[in-house]
Amino acid sequence: MTRPAAFVRSVPDSFAGALTGVSPAPDIDVVHAREQHRRYIACLEQGGFDVEILDTPADFPDGPFIEDTAVYLSGTLVLTRPGAPSRRGEVFGVGEALAERAVLRSIEPPGTLEGGDVLRVGGRLYVGLSSRTNDEGLRQLTVIAARQGIETVAVPVRNALHLKSVATAVDGETLVAAPGHFDRDVFAGLRTLWVDGQNEVNVLNLPDGRVLIPASKTLLQEIVTGAGYRVLTVDVSEFENADGGLTCLSLRANDG
Ligand code: GLY
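Calculation rules
All chains use their own residue numbering, which begins from 1 and follows the written sequence. Selection of residues for local features in this predicted model requires a pLDDT of at least 70, selection of side-chain atom pairs for listing and counting requires 80 or more, and totals for whole chains, interfaces and linings are taken over all residues. For the side-chain quantities, the full set of heavy atoms in the structure was used; hydrogens and water were omitted. Pairing between strands is defined by DSSP: at least two bridges between them are needed. Where helices and strands are cited, they refer to DSSP runs of H or I of at least four residues and of E of at least two residues respectively, numbered from the N terminus. Axis definition: a line fitted to C-alpha atoms, limited for helices to the stretch in contact. Angles are taken between N-to-C directions and run from 0 to 180 degrees. Contact between two residues is taken to exist if any of their heavy atoms lie within 4.5 Å; hydrogens are not considered. Definition used in this section: a nonpolar core is a set of buried Ala, Val, Leu, Ile, Met, Phe, Trp, Tyr and Cys residues joined via side-chain atoms within 4.5 Å. Whether a residue is buried, partly exposed or exposed follows from its accessible area with a 1.4 Å probe, protein chains only, as a fraction of its type maximum: under 20%, in between, or over 50%, in that order. Only a single heavy atom is needed: when it lies within 4 Å of a molecule or strand, its residue is near that molecule or strand. In protein, a polar contact requires one atom able to donate a hydrogen and another able to accept it; more generally it is a pair of N or O atoms within 3.5 Å, and residues adjacent in sequence count only if both atoms are side-chain atoms. Calculation of accessible area relied on Shrake-Rupley with a 1.4 Å probe; when residues are assessed, cover is drawn exclusively from the protein chains displayed.

Undergrad: What's the story with the sheet that holds strand β6 (residues 118-121) in this structure? I'm lost.
TA: As a general point, the strands of a sheet are linked pairwise by backbone hydrogen bonds and lie either parallel or antiparallel. The strand order across the open sheet formed by three strands is β6-β7-β8, and the pairing between neighbours is mixed. The sheet is open, and its two edges are formed by β6 and β8 (151-156), each paired on a single side. This sheet shows a mean twist of 25° between the axes of neighbouring strands, independent of strand direction. Packing of helix α3 (residues 135-146) onto the sheet brings it into contact with β6, β7 (124-129) and β8, and relative to β7 it is tilted by some 170°.

What follows is the structure in structure tokens.
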């Protein structure tokens, strides 16, 4: 069986200057981040992805968070327009690298959209309306997705960077989610494993059925294991210090 592709982006020296919402954030150790990135890539490969590494230009500290730059919808790649102005330039290189492999579409001004706000589960796209993704970005994505018969559902998000900071899929019909960041009814029809007491619940479901969870999130590991899933863990503390999670670090062709 063909292994789905996952694209990651290298960790530049400038990663120490990545955006953070927490002040003062712990200093980022770029050498340690690169080591953690290598282990993250190894987990993706062990879990069934074919990983390809794209280069991050030096002037994009947040470049490793490649998920925010594009959304895969089968053979279409929607290039985003990040709500963070310093991140908008990241998109061009990703579009250039993947132009031969997908039909490219773009979110245009005044729309903003970051891939961290786009959660595909149960055949739908749940789109977080956050400080990074606005109504117009959602509207444009809705038009593009509708051409492929994919429905979008708006999810206003409170007190979190992205929707996928606080809700991610463990399989095609089950989510893990932290309460208090969005209206609970929005995911009606899906099974939700609520994780009370842990703000970040960003997990990555691997093609082999295992669920990749950050080493720091022990409560999350317990809940997902307790629900019968096989769990793999990886330490991504340097990326967590830059407000990033596991899904942010790759753009996966099987998400759409
Ligand atoms: N550092 C991740 C972000 O703020 O976009």
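Undergrad: I keep staring at the nonpolar core and nothing clicks. Help me out?
TA: If you look at the biggest cluster of nonpolar residues, it comprises 27 residues, and the most contacted ones within it are Leu119, Tyr126, Leu163, Val176 and Phe187. In terms of nonpolar packing, the next biggest core, distinct from the first, is built from 26 residues, Phe15, Val30, Ala33 and Ile41 among them.

Undergrad: Looking at this structure, I do not really get the site of the ligand. What am I missing?
TA: Residues in close proximity to the ligand include Leu19, Asp62, Phe65, Arg87, Arg132 and Ala242, which together make up its full environment. Aspartate 62 is positioned such that a nitrogen or oxygen atom in its side chain is 2.6 Å from a nitrogen atom of the ligand. One of the side-chain nitrogen or oxygen atoms of arginine 87 is found 2.7 Å away from an oxygen atom of the ligand. For the ligand, whose accessible area on its own is 190 Å², the fraction buried by protein is 98%.

Undergrad: Hey, could you run me through the side chain of serine 130 in this one?
TA: With respect to the element layout, serine 130 can be found in the loop between β7 and α3. Residue class for serine 130 comes out buried when judged on its relative accessible area of 15%. Looking at serine 130, its side chain comes within polar contact range of the side chain of aspartate 117, at 2.6 Å. Here the side chain of serine 130 touches arginine 132 through a polar contact of 3.0 Å, landing on its backbone nitrogen. In this structure serine 130 touches Asp117 and Leu161, once residues within four positions along its chain are discounted.

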